[in-house]
Amino acid sequence: MTPKRRRLSIVLIGLTMLGAAAALVLTAFEENLVFFFSPTDLQAKEVGPDRRIRVGGLVAENSVASFENGLRTEFTVTDLEHSVKVVYRGALPDLFREGQGVVAEGKFDGGVFNASEVLAKHDENYMPREVADALKKSGRWQHATEKQ
């Protein structure tokens, strides 16, 4: 093998290894990536039942129902334009209430969102950024200081 061919084969092997490493990193990154959707976004986009996502908005009034001694909870999340039914198994955060901002992580299947985690706001002026952005986008945002 001539020195020129040897260098060319080393460069090709190096590029192949670099490409394989980049593909592995991108695949691992995509599996851990979780996108945020508002209920309106869920209506407009197709989300596969095996894809983990986050859905956020306000917990609709009179929509919270507990079953199985409080171990399973069903509630509706709304962005005041569209709504999505959420089913969650487990203990809800202490600050979870109707009319409050919430973000749920899980999978959307057949019109029902099966949540594996529910996050609630931590004080009266806080709302998750994604929820606030979705409410602003729908034109129904009212911040606590703007409610007069």
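Data block above holds the structure.
Residues numbered from 1 in each chain as written. Predicted model: local features only at pLDDT ≥ 70, side-chain atom pairs only at ≥ 80, totals over all residues. Heavy atoms only, no water.

Another point: the nonpolar core. Core analysis: the largest hydrophobic core is formed by 18 residues, its most contacted members being Leu42, Phe75, Val84, Val86, Phe113 and Val118. With sequence-adjacent residues up to four places away left out, Val86 is seen in contact with Thr73, Glu74, Phe75, Val77, Ala104, Phe113 and Ala115. (Core = buried A, V, L, I, M, F, W, Y, C linked by side-chain atoms within 4.5 Å. Buried < 20%, exposed > 50% of the residue type's maximum accessible area, 1.4 Å probe, protein only. Contact = heavy atoms within 4.5 Å.)

As a further point, take the environment of Phe75. Relative to the assigned elements, Phe75 resides in strand S4 (residues 72-78). For the pair formed by Phe75 and Lys85, sequence separation is 10 residues and the distance between their alpha carbons is 5.9 Å. If we skip the residues at most four places from it in the chain, Phe75 touches Val59, Ser63, Val64, Val84, Lys85, Val86, Tyr88, Phe96 and Val118. (Helix = DSSP H or I, 4+ residues; strand = E, 2+ residues; numbered from the N terminus.)

This paragraph deals with unusual backbone geometry. Positive phi values are uncommon outside glycine, yet Glu68 reaches one of about 55°. Structurally, Glu68 can be placed in the loop between strand S3 (65-67) and S4. Accessibility expressed as a relative area gives 45% for Glu68, which makes it partly exposed. Backbone geometry at Leu80 places phi at a positive 70°, although glycine is not the residue there. By the element assignment, Leu80 lies in the loop between S4 and strand S5 (83-89).

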